[in-house]
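Overview (structure and organization)
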2 protein chains.
Amino acid sequence: MSADVAARRGIPDASVARLPGYLQALTNLAERGISSVSSEELAAAAGVSSAKLRKDLSHLGSYGVRGVGYEVDRLAYEISTALGLTQDWPVAIVGMGNLGRALAAYSGFTTRGFNVIALLDRDEAIVGAPVGDRTVRPMGDLDALVRDDRLAIGVIATPADSAQDVADRLVEAGVRSILNFAPCVLDVPDDVMVRKVDMSTELQILAFHEQRRTGELDLGRTADVGEVAL
Amino acid sequence: MSADVAARRGIPDASVARLPGYLQALTNLAERGISSVSSEELAAAAGVSSAKLRKDLSHLGSYGVRGVGYEVDRLAYEISTALGLTQDWPVAIVGMGNLGRALAAYSGFTTRGFNVIALLDRDEAIVGAPVGDRTVRPMGDLDALVRDDRLAIGVIATPADSAQDVADRLVEAGVRSILNFAPCVLDVPDDVMVRKVDMSTELQILAFHEQRRTGELDLGRTADVGEVAL
DNA sequence: GTGACTTTGTGCATCCCTTCACAAGTGCGT
DNA sequence: ACGCACTTGTGAAGGGATGCACAAAGTCAC
């Protein structure tokens, strides 16, 4: 019925963002030889509430069995399909500094669904150098990568001041999905999707809560609860 | 009035998550010698809508001037204060693999508000080795770090299978803010805050949208727009 | 075959966040 | 001194996501 339509169209962003977590939990369960799981158990493994999990999964279709739960392999397959992980997406990493090298060596990329086909750097002094079992290539290779190897996703691991340039080059070459590790906002056309990963931002959010916590402890010495008198 | 109360209490999570972005944009403006900025300009620099920006800032207090805008230095200071960045938070990085080393070398940490006071690893073979200008220390040092150096934030950069162990050790030592780079869910007490950074998850979200896009292109050959007939 | 038990899928209410639109407030030119 | 142009701060409206509670649907034991 409309399950296929729902699968391709109306999945809320918030749900999509949680699907990778479910997939990970399912993979763990499969490795431990567990073949069936209830929404309650899977939700606990993924760190969400069971109601949220069931609603999320309902957007994909109806792959559970009432009174029993979900078949682990089946559900993992359905989520993989929904996320588009049945094919391997070609990925290029731009910027071979510390972070770029760490990402290039990161096994999580190759685990499933992604294939790092090229490492690039703008600096001619680095181009040609070996990184792992690959060789750093020049930015000029981008067009060929998109054309010949169907490069679809670009990872920016450069310093902030060159990130926009790199993004422009990626977009120009035809890449429309970018994962940005540089601490800056990228200006790209509307049809290009950018996701940002920034450790500094995350730390600052932690700091906010840490400060709020200690601040409230200090407050607790004079006033227990509620509004502060002025 | 209630500005101080609001500053410590009722800032929505969504707003807090955007404050670091504003701070970054303000820092850039300051470096370029710009001393005053309107909500429209700052919003563009931070990649959000101006209405959202103004509402976010209104939670901190009233630091703008109608008809003029915001003074860059002043606003940066107020946001820093709200985030708790007027002090330097001691941070420890656990796990000295590829990622841990890259994070240890990452300049973004030390930029402002954070101070990496220790690099730890569980593997005795790595303990004692130099990383940058620091020496890798054993997990047993955690208690002393919390007690003597007020360690408040722990960064987990280990493989997924040891992340939970490390988290337990951190919590046991008294750390209540954790930034987790390992691709797994951490089980911690309620009063411990965990934020997760996972490149694999981000890539999968990009893949979803990339797939949806190409899927719709294929669809476009037969049906232009709207519901698909069944 | 039947009944008791388990678990999914989902309508509904609630909450939070975003967006809109404008009154209130400020500076500037005349 | 006064009006004009501009921008902030905010109530109100709208949209989305979350949590609840339960009917629907299936299994298992006997």
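Owing to the predicted nature of the structure, the values given are computational and were not obtained by experimental measurement.

1. Considering the domain arrangement of chain A
- When the domains of chain A are assigned, the result is domain 1 (3–82) and domain 2 (89–200).
- Averaged C-alpha coordinates put domain 1 of chain A and domain 2 of chain A at centres separated by 30 Å.

2. Regarding the relation of the copies chain A and chain B
- For the pair chain A and chain B, the best superposition has an RMSD of 0.1 Å and corresponds to a rotation of 180° with a translation of 0.0 Å parallel to the axis. These values place the two chain copies in the arrangement generated by a two-fold rotation axis. Residue Ala-102 of chain A of chain A places its C-alpha closer to the rotation axis than any other residue of that unit, at 3.1 Å.
- Here 98% of the interface residues in chain A have copies in chain B that are interface residues too; the copies meet face to matching face.

3. Some words on the protein's contact with DNA strand D
- Among the 26 residues in the neighbourhood of DNA strand D, the closest are listed as Arg-18 and Arg-66 of chain A together with Ser-39, Gly-64 and Tyr-70 of chain B.
- Counted by atom, the contact set of DNA strand D within 4 Å of the protein is 66% sugar and phosphate.
- Here a base oxygen of DNA strand D and a side-chain polar atom of Lys-55 of chain A are 2.9 Å apart.
- Contributing elements (two or more residues each) for the surface near DNA strand D: helix H2 (13–31) and helix H4 (50–58) of chain A together with helix H4 (50–58), strand S2 (64–65) and strand S3 (69–71) of chain B.
- Here the surface near DNA strand D is composed, by residue class, of nine nonpolar, eight polar and nine charged.

4. Digging into the interface of chain A and chain B
- Every contact between the two is made by 65 residues of chain A and, on the other side, 67 residues of chain B.
- On the chain A side of the contact with chain B, Leu-203, Leu-206 and Phe-208 of chain A bury the most area, a combined 11% of that side's loss.
- In this assembly, chain A and chain B are joined by two salt bridges.
- Joining chain A to chain B, the criterion identifies 14 residue pairs in polar contact (both at pLDDT 80 or more).
- Counted by class, the side of chain A that touches chain B contains 39 nonpolar, 12 polar and 14 charged residues.

5. Regarding the side chain of Thr-158 of chain B
- Tracing the backbone through its elements, the reader meets Thr-158 of chain B in the loop between strand S8 (153–156) and helix H9 (160–173).
- Not counting residues up to four positions away in its chain, the partners in contact with Thr-158 of chain B are Val-94, Gly-95, Ala-163, Val-166 and Ala-182 of chain B.

6. Side note on the sheet that holds strand S1 (residues 36–37) of chain B
- One open sheet accounts for three strands, arranged S1-S3-S2 (chain B); its pairing is antiparallel. Edge positions in the open sheet fall to S1 and S2 of chain B, since each of these has one partner strand only.

7. Observations concerning the side chain of Asn-180 of chain B
Residues and elements named next belong to chain B.
- The residue Asn-180 is located in strand S9 (residues 177–180) in this model.
- Since its relative accessible area comes to 1%, Asn-180 is described here as buried.
- Here Cys-184 takes part through its backbone oxygen, which lies 3.1 Å from a polar atom of the side chain of Asn-180.

8. Focus on the nonpolar core
- If you look at the biggest cluster of nonpolar residues, it comprises 98 residues, and the most contacted ones within it are Ile-79 of chain A together with Ile-79 of chain B.
- In contact with Ile-79 of chain A, not counting residues within four places along its chain, are Leu-19, Tyr-22, Leu-23, Leu-26, Leu-57 and Leu-60 of chain A.

9. Considerations on the packing of helix H2 (residues 13–31) of chain B against helix H5 (residues 72–83) of chain B
All names here are of chain B.
- It is at 9 Å that the axes of H2 and H5 come closest, and there the two elements cross at 145°. Here the hand of the crossing between H2 and H5 comes out left-handed. Two secondary-structure elements touch here, H2 through Val-16, Leu-19, Pro-20, Tyr-22, Leu-23, Leu-26, Leu-29 and Ala-30 and H5 through Val-72, Asp-73, Leu-75, Ala-76, Ile-79, Ser-80 and Leu-83.
- Class assignment for the residues of the contact of H2 with H5 results in 13 nonpolar, one polar and one charged.

10. Focus: the protein's contact with DNA strand C
- Around DNA strand C there are 26 residues in total, and Ser-39, Gly-67 and Tyr-70 of chain A together with Arg-18 and Arg-66 of chain B lie nearest to it.
- Backbone atoms, meaning sugar and phosphate, form 64% of the atoms of DNA strand C found within 4 Å of the protein.
- Contact between DNA strand C and Gly-67 of chain A: a sugar or linking oxygen at 3.0 Å from a main-chain N or O atom of the residue.
- At 3.5 Å, a side-chain N or O of Ser-49 of chain B approaches a phosphate oxygen of DNA strand C.
- Those elements that place two or more of their residues in the surface near DNA strand C are H4, strand S2 (64–65) and strand S3 (69–71) of chain A together with H2 and H4 of chain B.
- In terms of residue class, the surface near DNA strand C is made up of eight nonpolar, nine polar and nine charged.

11. Quick word on H2 of chain A
Residue and element names in this part refer to chain A.
- For H2, built from 19 residues, the straight-helix expectation of 27 Å at 1.5 Å per residue is met to within 8% by its first-to-last C-alpha distance of 28 Å.
- The axis of H2 is deflected most strongly, by about 25°, at Leu-19, and proline Pro-20 appears within four residues downstream.
- Looking at H2, one finds that the buried residues are Ser-15, Val-16, Leu-19, Pro-20, Tyr-22, Leu-23, Ala-25, Leu-26 and Leu-29.

Conventions adopted
Residues numbered from 1 in each chain as written. Chains lettered and ligands numbered in written order. Predicted model: local features only at pLDDT ≥ 70, side-chain atom pairs only at ≥ 80, totals over all residues. Heavy atoms only, no water. Domains from an automatic or database assignment. Least-squares fit on C-alpha atoms with pLDDT ≥ 70 in both. Contact = heavy atoms within 4.5 Å. Near = heavy atom within 4 Å. Polar contact = N/O pair within 3.5 Å; in protein donor to acceptor, adjacent residues only side chain to side chain. Helix = DSSP H or I, 4+ residues; strand = E, 2+ residues; numbered from the N terminus. Nonpolar A, V, L, I, M, F, W, Y, C, P; charged D, E, K, R; others polar. Buried area = accessible area lost by both parts, 1.4 Å probe. Salt bridge = Lys/Arg side-chain N within 4 Å of Asp/Glu carboxyl O. Pairing = 2+ DSSP bridges. Buried < 20%, exposed > 50% of the residue type's maximum accessible area, 1.4 Å probe, protein only. Core = buried A, V, L, I, M, F, W, Y, C linked by side-chain atoms within 4.5 Å. Axes fitted to C-alpha atoms, helices over the stretch in contact; angles between N-to-C directions. Left-handed = near helix turned anticlockwise from the far one by under 90°. Expected span 1.5 Å × (residues − 1). Bend = angle between axes of the 7 residues up to and from the residue.

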